[in-house]
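# Tertiary structure, described
This is what each chain is made of:
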Amino acid sequence: MTDQTTAAQEEQGAPQFSIQRIFLKDLSFEAPNAPTIFTKEWKPEVKLDLDNKSTQIEPGVFEVVLSVTVTATVEDQTAFLCEVQQAGIFVLGNMPEQQMAHILGAFCPNTLFPYAREAVSNLVNRGTFPALNLAPVNFDMLFAQYMEQAKKQAAEGQALDS
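Attention here is on the structure that accompanies the text. These numbers were taken from a predicted model, which means no experiment stands behind them.

### Here's the deal with the overall build of the protein chain
Of the regular secondary structure elements, the protein chain holds 3 helices and 4 strands. Radius of gyration (C-alpha) of the protein chain: 20 Å, far over the 15 Å computed for a compact globule of 162 residues. Here the C-alpha coordinates of the protein chain stretch approximately 65 × 55 × 25 Å along the principal axes. The 162 residues of the protein chain split such that 31% are buried. A sequence separation of at least 24 residues applies to 70% of the contacts in the protein chain between residues at least 6 apart. Accessible surface, the protein chain: about 10400 Å² in total, of which carbon and sulfur atoms supply 49%.

In structure tokens:
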């Protein structure tokens with residue numbers, strides 16, 4: 001997009017979205033029970049935890065951090081723990097607050113997830129564990145569930161105040 005196009009959109013009040021940068025913010029891999037864990041039959045229980053937070057850096061510019069934690073256990077012993085914080089800097093403008101919340105809470109994490117997924121896969125491979133490819137995640141559904149839960153909590157809070 002050219003500067004003229006961007007300027008024209010700003011004048012018209014058209015919604016704006018652009019990715020400034022995608023980067024790895026933090027990375028950790030632990031195999032606390034190696035090498036004995038390699039002698040056990042590989043039937044892991046894999047737990048995936050996701051978290052997302054956004055911070056406004058300056059007007060219209062946001063950092064979104066997607067935290068992915070994968071824990072694999074075999075026979076109640078931790079085989080590995082992998083933590084990735086994949087981040088991005090996004091520019092958003094000229095949009096309603098609800099749409100901005102959806103972009104920061106669902107669209108941006110959806111953009112970041114493939115990068116985090118690749119980092120997890122590479123770390124597990126470097127730990128010499130069998131391949132782990134995380135399934136796609138429906139961040140739109142997770143965001144909708146979060147918003148529904150927030151509405152319920154707000155309604156319960158109002159009921160308590162009455």
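### Some details on the pattern of salt bridges
Inspection of every chain in the model, using the stated rule, returns 4 salt bridges. The salt bridge partner of K25 is E63, with a shortest N-O separation of 2.8 Å. You can see K25 sitting in strand β1 (residues 16–30) and its partner E63 sitting in strand β3 (residues 61–74), a full 38 residues away along the chain. Assessed through its relative accessible area of 15%, E63 is described here as buried. A salt bridge links K43 to E41, with the nearest nitrogen and oxygen atoms 3.3 Å apart. E41 carries the same exposure label as K43, and that label is exposed.

### Regarding the environment of F107
Following the sequence through the fold, F107 ends up in helix α2 (residues 97–126). What makes F107 partly exposed here is its relative accessible area of 40%. A C-alpha to C-alpha distance of 7.3 Å links F107 and F139, two positions 32 residues apart in sequence. Other than its neighbours up to four places away in sequence, F107 contacts F17 and H102.

### A few points about unusual backbone geometry
Of note, the bond from A34 into P35 is cis; its omega dihedral lies within 30 degrees of zero at 5°. Within the secondary structure, P35 is located in the loop between β1 and β2 (45–58). Despite not being glycine, T128 has its phi angle at roughly 65°, a positive value. Residue placement: T128 occurs in the loop between α2 and α3 (139–161).

### What about the nonpolar core?
In this structure, V70, F80, L92 and V120 are the most contacted members of the largest nonpolar core, which totals 33 residues. Elements with a contribution of two residues or more to this core: β3, β4 (77–93), α2 and α3. Of the residues forming this core, the biggest block, 12 residues, is contributed by α2. When sequence neighbours within four positions are dropped, the list of residues in contact with V120 reads V68, V70, C82, V84, L132 and L134.

### Some points on the packing of aromatic side chains
Two measures describe an aromatic ring pair: the distance that separates the ring centres and the angle between the ring planes. For the coordinates displayed, the defined rule picks out 8 aromatic pairs. What links up through ring pairs into an aromatic cluster is the set F29, F38, W42, F80 and F129.

Rules and cut-offs
Residues numbered from 1 in each chain as written. Predicted model: local features only at pLDDT ≥ 70, side-chain atom pairs only at ≥ 80, totals over all residues. Heavy atoms only, no water. Helix = DSSP H or I, 4+ residues; strand = E, 2+ residues; numbered from the N terminus. Rg over C-alpha atoms; globule rule 2.2 N^0.38 Å. Buried < 20%, exposed > 50% of the residue type's maximum accessible area, 1.4 Å probe, protein only. Contact = heavy atoms within 4.5 Å. Areas by Shrake-Rupley, 256 points an atom, 1.4 Å probe, with all protein chains shown as cover. Salt bridge = Lys/Arg side-chain N within 4 Å of Asp/Glu carboxyl O. Core = buried A, V, L, I, M, F, W, Y, C linked by side-chain atoms within 4.5 Å. Phe/Tyr/Trp six-rings, centres within 6.5 Å; stacked < 30°, edge-to-face > 60°.

The quantities given are spatial measurements derived from coordinates; they are silent on function.
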